[in-house]
Amino acid sequence: MKLPLVGLGTYKLQGDTCKRVIRQAYDLGYRHIDTADVYQNHREVGQAIKELPRNEVILATKLFENDLLPERVEKAVPRFLEELQVDYIDLLLIHWPNPQVNLAETLEAMLAFKEKGQVKEVGVSNFVRSHLEQVKGLPILTNQIE
């Protein structure tokens, strides 16, 4: 996957404003739209994405730190797909590392959705070197940072 260096973050965007901003960003050339479960705007992001050529948009969303146990990942991803109204998520990220969870096991659970074609790539967000060491050798696309 060719990942644009800059994406549109949708934190704090809700309702019609969220949909309008995504459309404007697309018209300006943005092709990476970033959301997260904790932003509580999956439905609006999904509605906006439906109006765009899906193959031109890289949709990223993130699992929050309370959903990193493998059994929680297994429940969260199908919910994300439903809320976003898409057949696949381009990039699924761990939002923040959780020291109480084995991050390699979380990524393995995420990779199971990649094998099913429901997630194209997996990655992490807000990881520092020590967190990256914990997942060394696993196929992550990116460490998303501000």
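Higher on the page you've got the structure.
Everything in this summary refers to the structure shown in the same document. Only a predicted model underlies this, so the values are computations on that prediction, with no experimental measurement involved.

1. Some thoughts on the nonpolar core
Link 1 in the chain: Residues I22, V45, L63, I94, L107 and M110 are the most contacted members of the largest nonpolar core, which totals 38 residues.
Link 2 in the chain: Not counting residues within four places of it along the chain, the set of residues in contact with I22 comprises L8, T10, I33, V45, A48 and L52.

2. Structural notes on the packing of helix α3 (residues 70-84) against helix α4 (residues 103-115)
Link 1 in the chain: Where α3 contacts α4, the axes come no closer than 9 Å and their chain directions differ by 35°. When the axes of α3 and α4 are compared, the crossing they make is right-handed. Contact residues: α3 offers P70, V73, E74, V77 and P78, while α4 offers E105, T106, A109, M110 and F113.
Link 2 in the chain: When its residues are assigned to classes, the contact of α3 with α4 shows 7 nonpolar, 1 polar and 2 charged.

3. Points about the layout of surface pockets
Link 1 in the chain: In this model, the largest pocket occupies a volume close to 450 Å³.
Link 2 in the chain: D34, S125, Q144, I145 and E146 are, among the 23 residues lining the largest pocket, the residues nearest its centre.
Link 3 in the chain: For the lining of the largest pocket, the secondary-structure elements that each account for two or more residues are β1 (8-9), β2 (32-34) and β6 (143-144).
Link 4 in the chain: In terms of residue class, the lining of the largest pocket is built from 10 nonpolar, 10 polar and 3 charged.

4. Examining α4
Link 1 in the chain: Over its 13 residues, α4 extends 19 Å from the first C-alpha to the last, a length consistent with the 18 Å expected when each residue adds 1.5 Å.
Link 2 in the chain: Packing partners of the buried residues in α4 comprise β3 (58-63), α3, β4 (89-94), β5 (119-125) and α5 (129-134).
Link 3 in the chain: The opening residue of α4, the one whose side-chain oxygen lies 3.0 Å from the backbone nitrogen of A104, is N102.
Link 4 in the chain: The positive-phi residue at the C-terminal boundary of α4 is G117, with phi of around 85°.

Criteria and cut-off values
Residues numbered from 1 in each chain as written. Predicted model: local features only at pLDDT ≥ 70, side-chain atom pairs only at ≥ 80, totals over all residues. Heavy atoms only, no water. Core = buried A, V, L, I, M, F, W, Y, C linked by side-chain atoms within 4.5 Å. Buried < 20%, exposed > 50% of the residue type's maximum accessible area, 1.4 Å probe, protein only. Contact = heavy atoms within 4.5 Å. Axes fitted to C-alpha atoms, helices over the stretch in contact; angles between N-to-C directions. Helix = DSSP H or I, 4+ residues; strand = E, 2+ residues; numbered from the N terminus. Left-handed = near helix turned anticlockwise from the far one by under 90°. Nonpolar A, V, L, I, M, F, W, Y, C, P; charged D, E, K, R; others polar. 1 Å grid on protein atoms, 1.4 Å probe; cavity = no way out; pocket = protein on both sides within 12 Å on 5 of 7 lines; lining within 4 Å. Points joined across faces, edges and corners; volume = space filled by probe spheres on them. Expected span 1.5 Å × (residues − 1). Polar contact = N/O pair within 3.5 Å; in protein donor to acceptor, adjacent residues only side chain to side chain.

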